[in-house]
Amino acid sequence: MSRASWRALRTELLRGTAPVAALATLVLGAVLMYSETNSWAARWMPFAAAVRFSTGVLAPIAIGLGVWQGGRERRRRINEQLASTARPAWQPLLVSFAAVTLGCWLGLVVVVVAAGALVAPVATYTGGGWWWLLAITPVTLAAATAVGIALGRAIPTWVAAPAAMIVGYGVQVIAHDNSPTGGLEWLVPSVLIYNAFGQTLPGQIHLGQALWFGGLAATMLVLVAARRRVTATVPAAVALAGATVLVASPGYGWEPDPVASELVCAEEDPRVCLLRYEGFLLDDVTPAAQQVLARFEGVPGGPSRAIGTGYDWALLGDEPYLLIDTGRVTITGDLYPGEWLVVSWWPTLPCEPFDAYGEYLWLADLAGSWGNQQEPDPGWGTPELVAGYATLTALPMAEQQAWIGDFIAASRSCDRAALAELVERVA
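Once a new chain begins, its residue numbering starts again from 1 and follows that chain's sequence as written. Local features in this predicted model are restricted to residues of pLDDT 70 or higher, and side-chain atom pairs are both shown and tallied only at a pLDDT of 80 or more, whereas totals for entire chains, interfaces and linings draw on every residue. For side-chain calculations, the full set of non-hydrogen atoms in the structure is used, while hydrogens and water are omitted.

Asker: Would you explain the environment of Ala175 in this entry?
Answerer: Helix numbers and strand numbers start at the N terminus; a helix is a DSSP run of H or I with at least 4 residues, a strand a run of E with at least 2. Along the polypeptide, Ala175 turns up in helix H8 (residues 160–176). You can call Ala175 buried: its relative accessible area is 7%. Separated by 10 residues in sequence, Ala175 and Glu185 place their C-alpha atoms 4.7 Å apart. Note on classification: 1.4 Å probe, protein chains only; a residue is buried when its accessible area is under 20% of the maximum for its type, exposed when over 50%, partly exposed between these limits.

This is the structure in structure tokens:
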């Protein structure tokens, strides 16, 4: 670029659009990341997905800033000032684009580095290709600013910026709603965080997005700056190639990450296990889980391990277990203070027809209440459940454990005679 263009860019970076873009991205990015702390704390893939999730707001903001920048040049005749010396048409455009984009990138980098510094010391799984999600994020913001500048040059009115932001946000919401959009959701910058737990994205989606957003940015800039607009066919072809890959991808493109979903267990018995990507909570969870497991010592057929499975129920198998729900975590990866760590056991009752299931369901609730040491609330518990819990817990511990063991055996085959006998024992 010419010296005049460099001076104009320096001015924009110091006193123009770039500081506004950096501040807006920094503040909004920090707020959005903090609001989703429980989703990404101490987990790399959800962290990267949370950054991309924030672009649901940051990308429309970048579009609005681009529109403002492009329209501002016409309203204040800055484009005439930049054109006062002979230079290629793309240089003034590049100044505008670089100012907004670099500002957005600066704010984003601060947020990502600060949040990543919290994840790094705690995370127990670093694989899964999460870094590709981060790598595409700056490209999405560059595409957003390029679209905005092109709109601002074409429609230099003050209403264009807020209108573009609203439309940009709405398009992303529509792409991620429950309608059958197929692979269209990959054509927008944001991704959904809850899909990232124990899963990964295939390389074709990352590649398609890099081509789509990169080609889109270049196409917008060429259309504005090139004397012959046919030149834009080259970057447009790149964008189209990426879009084709994305649209052909399944709407739900996430794939299970088998390594992330491996169980990691505490060394001591009884066994307490969590998924690898949540292994950072193992030391906090183990004492509470083992305390509940100790209650089942001597119970025939009772649970012998406690497992936190996230969303992967297939890991449970047929062995009796306690289910661990770790609940919320703090931004530093600790259990949220004041919240109860849920280590629960709710036995199954595979009775058919349904009337048999309904007749003895309260027995399953009784067994679960005993295992979880949760006295039934008279406000929601049936009278037989409340009375049965009082009767059962009044028995000597050996008899309580024998009743629980007999219930486990009877419930597996829905032995109605044995279940009726169990009712009499707590009547």
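Asker: What am I meant to see in the state of the cysteines here?
Answerer: Any two cysteine sulfur atoms within 2.5 Å of one another count as a disulfide. Overall, the coordinates contain 1 disulfide when judged by the stated rule. Covalent S-S linkage joins Cys265 and Cys273, the inter-sulfur distance amounting to 2.0 Å. Its S-S torsion of approximately 100° makes the covalent link between Cys265 and Cys273 right-handed. Accessibility expressed as a relative area gives 30% for Cys265, which makes it partly exposed.

Asker: So what exactly am I meant to see when it comes to the side chain of Ser411 here?
Answerer: Tracing the backbone shows Ser411 in helix H14 (residues 397–413). On the basis of relative accessibility, which here comes to 4%, the residue Ser411 falls in the buried class.

Asker: Whenever I open this one, the pattern of salt bridges confuses me. Can you help?
Answerer: Close approach of charged atoms allows side chains with opposite charge to pair. By definition here, a salt bridge exists when the distance from a side-chain nitrogen of Lys or Arg to a carboxyl oxygen of Asp or Glu is within 4 Å. What the rule picks out here adds up to 4 salt bridges. Residue Glu278 pairs with Arg43 through a salt bridge whose shortest N-O separation is 3.4 Å. Residue Glu278 is found in the loop between strand S4 (271–275) and helix H11 (282–294), and its partner Arg43 is found in the loop between helix H3 (37–40) and helix H4 (44–75); the two are separated by 235 residues along the sequence. The class of Arg43 is buried, set by a relative accessible area of 4%. Here Glu262 makes a salt bridge to Arg276, at a shortest N to O gap of 2.8 Å. On the criterion of sequence distance, the pair formed by Glu262 in the loop between strand S2 (255–256) and strand S3 (263–265) and Arg276 in the loop between S4 and H11 is long-range, its members being 14 residues apart. Shared partners join several salt bridges into a network, and the residues in it are Asp406, Glu421 and Arg425.

Asker: Hey, could you run me through H8 in this one?
Answerer: One turn of the α-helix equals 3.6 residues, which is why residues spaced by three or four share an orientation. What a helix should span is 1.5 Å times the count of its residues minus one. For H8, which comprises 17 residues, the first-to-last C-alpha distance of 25 Å matches the rise-based estimate of 24 Å (1.5 Å per residue) to within 8%. Turning to H8, its buried residues are Ala160, Ala161, Ala164, Gly168, Gln172, Ala175 and His176. When H8 is viewed along its axis, its buried side chains cluster within an angular range of 130° and face the same direction. In H8, the exposed positions that point more than 90 degrees away from the buried face belong to Ile166, Val167 and Ile174. Each direction from the helix axis to a C-beta atom contributes to the arc, which is the arc of those directions.

Asker: Is there a simple way to explain empty space enclosed by the protein in this structure?
Answerer: Empty space among the atoms becomes visible once a probe the size of a water molecule is rolled across them. Site definitions follow a grid-based scheme: protein atoms alone, a 1 Å grid, a 1.4 Å probe that fits but cannot get out for cavities, and for pockets an open set with protein on both sides within 12 Å along at least five of seven lines, plus lining residues having an atom within 4 Å of a point. Grid points are joined across faces, edges and corners, and a volume is the space filled by probe spheres set on the points. By the definition in use, this model includes 1 cavity of 30 Å³ or more. Taken as a whole, the largest cavity holds about 80 Å³ of empty space. Around the largest cavity, the lining is made up of 13 residues, and of these Met45, Pro46, Tyr125, Ala260 and Tyr277 lie nearest the centre. With 3 residues, H4 is the largest single contributor of residues to the lining of the largest cavity.

Asker: So what exactly am I meant to see when it comes to the confidence of the model for the chain here?
Answerer: Should the pLDDT be low somewhere, the predicted coordinates at that spot are not to be read in detail. The quantity called pLDDT is the predictor's confidence in a given residue, expressed from 0 to 100. Confidence along the chain averages 84 in pLDDT terms, with 85% of residues attaining 70 or more. Here helix H5 (residues 78–82) stands out as the least confident element of the chain, with mean pLDDT 51; helix H7 (residues 130–154) is the most confident, with 94.

Asker: Is there a simple way to think about the packing of aromatic side chains in this case?
Answerer: In this scheme Phe, Tyr and Trp rings, the latter by its six-membered ring, pair at centre separations within 6.5 Å, and the angle between planes marks the pair as stacked below 30 degrees, edge-to-face above 60, and tilted otherwise. A complete count under the given rule lists 8 aromatic pairs for this structure. Ring geometry for Trp44 against Phe47: centres 5.6 Å apart, planes inclined by 75°, an arrangement best described as edge-to-face. Placement of both Trp44 and Phe47 in helix H4 is noted, with a separation of 3 residues, approximately one turn of the helix. In this pair, the class of Trp44 matches that of Phe47, namely buried. Seen in terms of ring centroids, Trp130 and Trp131 are 5.6 Å apart; in terms of plane orientation they differ by 70°. Their pairing is edge-to-face. With a relative accessible area of 13%, Trp130 lands in the buried category.

Asker: I keep staring at a negative patch on the surface and nothing clicks. Help me out?
Answerer: Surface patches are drawn from residues lacking salt bridges whose relative accessible area is over 30%; two like charges belong together within 9 Å, two nonpolar side chains (Val, Leu, Ile, Met, Phe, Trp, Tyr) within 5 Å. Using the Shrake-Rupley algorithm and a 1.4 Å probe, accessible areas are obtained, with residue cover drawn only from the displayed protein chains. Neither His nor the chain ends is counted toward charge; the positive residues are Lys and Arg and the negative residues Asp and Glu. The location of each charge is read from NZ of Lys, CZ of Arg, CG of Asp or CD of Glu. Together, Glu267, Glu268, Asp269, Asp283, Asp284 and Asp334 line one region of the surface with negative charge. Checked against the element boundaries, Asp283 lands in helix H11.

Asker: Could you clarify how one ought to interpret helix H2 (residues 17–35) in this entry?
Answerer: Its 19 residues give H2 an end-to-end C-alpha distance of 27 Å, which sits within 8% of 27 Å, the value for a rise of 1.5 Å per residue. Residues of H2 that are buried: Thr17, Ala18, Ala21, Ala22, Thr25, Gly29 and Met33. For H2, the angular spread of buried residues about the axis comes to 125°, placing them on one side. What points out from H2, more than 90 degrees from its buried face, is the exposed set Leu23, Val31, Tyr34 and Ser35.

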